[in-house]
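What follows is each chain in one-letter form.
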Amino acid sequence: MTVHYQGTIRACFAGYIVQAIINNFAPLLFLTFQSSYGISLSKITMLVTLNFGLQLLVDLLSAGFVDKIGYRASIMLAHILSVLGLAGMTVLPELIPDPFVGLLISVLIYAAGGGLLEVLVSPIVESCPSDNKEKTMSLLHSFYCWGHVGVVLISTLFFAVFGISNWKLLALLWALVPLVNTFVFAKVPIASPSTEEGSTIPVTSLIRNKLFWVFMLLMLCAGACEQAVSQWASAFAEQGLGVSKTIGDLAGPMLFATMMGLSRLYYGKYGEKINLQRFMLLSGGLCICSYLIISLSPFPVLGFVGCGLCGLSVGILWPGVFSSAAASIRGGTAMFAFLALAGDLGCSSGPTFVGLISGAFQNNLKTGILAATVFPVILILGIFLFLQLRKRETTVS
């Protein structure tokens, strides 16, 4: 890699850590919000839904917006919104008569930043001169997992030492990460992402391609499989398994993220030796098993094992769908933007589905996670459908 762009790559790694903070800090506080502000579980579910929902909308609208103001201004804006949203969590619930509205506004602000990060970080890394872009991209995606681990571990230690009542101070400390990275992106070189003329098919042809819609379904299920457990792991460990918050946060979300990160690192290193579709099918089966263990096991230790197995199983799904789509369809930027939309829709619908089912059964999260087994089942069926279509169709030219 050109030395000139090493700072850019590191800033992009930090950008995925920012996104991990945005998506995983608030879920650690769900029960605190419920007890401190008197917010129901169904309303807390809306915070998850609207977080990923707005990120989805930003994915949809950002292409023209980014082109107009440029990548540097856009990536800096993404970080500034992240700072404002995290800081807003500490003051808006107290300033606005309805604390839920204050939390909601904060979530919407940093969700807009998170949506921009998802659209911008990967193309910026892809545009950097590098001897091995696949290795760099694999490492990039794993940083979200390590960011997730860091958020849970550091937050848990903070709560254990200073008390959960001081969560606002921690939110401000987390806001320093995107604040510092804003200034980094103001100085590092950013190459303009480009595409080779004629190398991709038109959007109209893409939409008519059956494989494209199979990949959209797979991407939705990949996001749902991941976030259905990830977003509720802390609350599930506390309520469903009856353990303390410290143990729940460490053995639930952190274990989940660690196993997911290890899965992505393994694929990044040995991917050329692996049959990707077979690996994804096995991962889908393991995901089903993990959901059943989490929801049906009466023993807390097995429940924790289930969380870890779930993280291991979903690690390959998101990058695996992207890799399969890239190898099958020359859809270019438009295809990956649509896949990001489907993934975010899955990230929103998975935990929302769990929350709604749980609410219908007296806030029983085990029942909600059991019902969410439908997502890995559909994913497995979708992979088989992809394999059948691939036999009948040649790659779109």
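Residues numbered from 1 in each chain as written. Predicted model: local features only at pLDDT ≥ 70, side-chain atom pairs only at ≥ 80, totals over all residues. Heavy atoms only, no water.

1. Concerning the overall build of the chain
The secondary structure content of the chain amounts to 17 helices and zero strands. Looking at the chain alone, contacts between residues at least 24 apart form 84% of all its contacts between residues at least 6 apart. Split by element, the accessible area of the chain, about 16,400 Å² in all, is 68% carbon and sulfur. (Helix = DSSP H or I, 4+ residues; strand = E, 2+ residues; numbered from the N terminus. Contact = heavy atoms within 4.5 Å. Areas by Shrake-Rupley, 256 points an atom, 1.4 Å probe, with all protein chains shown as cover.)

2. Comments concerning helix 5 (residues 99-127)
Over its 29 residues, helix 5 runs 43 Å from end to end, which matches the ideal 42 Å to within 8%, given 1.5 Å per residue. Its maximal kink placed at L117, helix 5 deviates by approximately 30°. Of all the 29 residues making up helix 5, 22 are buried; the element is thus mostly covered by neighbouring parts of the structure. Backbone nitrogen of F100 and a side-chain oxygen of the N-cap are separated by 3.1 Å at the start of helix 5; the cap is D98. (Expected span 1.5 Å × (residues − 1). Bend = angle between axes of the 7 residues up to and from the residue. Buried < 20%, exposed > 50% of the residue type's maximum accessible area, 1.4 Å probe, protein only. Polar contact = N/O pair within 3.5 Å; in protein donor to acceptor, adjacent residues only side chain to side chain.)

3. Topic: the packing of helix 12 (residues 276-296) against helix 17 (residues 374-392)
Between two packed helices, what matters for the description is the angle formed by their axes and the separation of those axes. Between helix 12 and helix 17, the shortest axis-to-axis distance is 8 Å and the interhelical angle comes to 165°. Here helix 12 is positioned roughly antiparallel relative to helix 17, judged by the angle of their axes. In this structure, the crossing between helix 12 and helix 17 has a hand that is left-handed. Between helix 12, through Q277, M280, L281, G284, G285, C287, I288 and Y291, and helix 17, the contact on the second element is made entirely by P376, V377, L379, I380, I383, F384, F386, L387 and R390. (Axes fitted to C-alpha atoms, helices over the stretch in contact; angles between N-to-C directions. Parallel < 35°, antiparallel > 145°, perpendicular 65-115°, else oblique. Left-handed = near helix turned anticlockwise from the far one by under 90°.)

4. Looking at the packing of aromatic side chains
Under the counting rule described, the total for this entry stands at ten aromatic pairs. With a centroid separation of 5.1 Å and 50° between ring planes, the pair formed by F215 and F386 is classed as tilted. Placement of the pair is F215 in helix 9 (residues 210-230) and F386 in helix 17, with a sequence separation of 171 residues. As far as burial versus exposure is concerned, F215 and F386 are alike and both buried. (Phe/Tyr/Trp six-rings, centres within 6.5 Å; stacked < 30°, edge-to-face > 60°.)

5. Some words on the side chain of T373
Following the sequence through the fold, T373 ends up in the loop between helix 16 (365-371) and helix 17. For T373, the contacting residues outside a window of four places in its chain are I288, Y291 and L292.

6. Some details on the environment of T32
Its place among the elements puts T32 in helix 2 (residues 30-37). Along the primary structure T32 and W167 are separated by 135 residues, whereas in three dimensions their C-alpha atoms are 9.3 Å apart. Other than its neighbours up to four places away in sequence, T32 contacts Y37, I164 and W167.

7. Let's talk about the nonpolar core
The nonpolar side chains of a soluble globular protein tend to be buried with one another. F25, F33, M89, F215 and Y291 are the most contacted members of the largest nonpolar core, which totals 112 residues. The element contributing the most residues to this core is helix 9, with 13 residues. In this view, F215 contacts V321, S324, A325, S328, I329, L339 and F386; residues no more than four positions away in its chain are not counted. (Core = buried A, V, L, I, M, F, W, Y, C linked by side-chain atoms within 4.5 Å.)

8. Digging into the environment of L345
Looking at the element boundaries, L345 is found in helix 15 (residues 332-360). Taking the relative accessible area as the measure of exposure, L345 reaches 41% and is therefore partly exposed. Setting aside anything within four residues of it in sequence, one finds L345 in contact with L56 and L220.

9. A look at the state of the cysteines
Tallied over the full model, the rule gives zero disulfides. For C289, which is in no disulfide, the shortest distance to another cysteine sulfur is to C287 and amounts to 9.3 Å. Residue classification places C289 among the partly exposed positions, given a relative accessible area of 42%. (Disulfide = S-S within 2.5 Å.)

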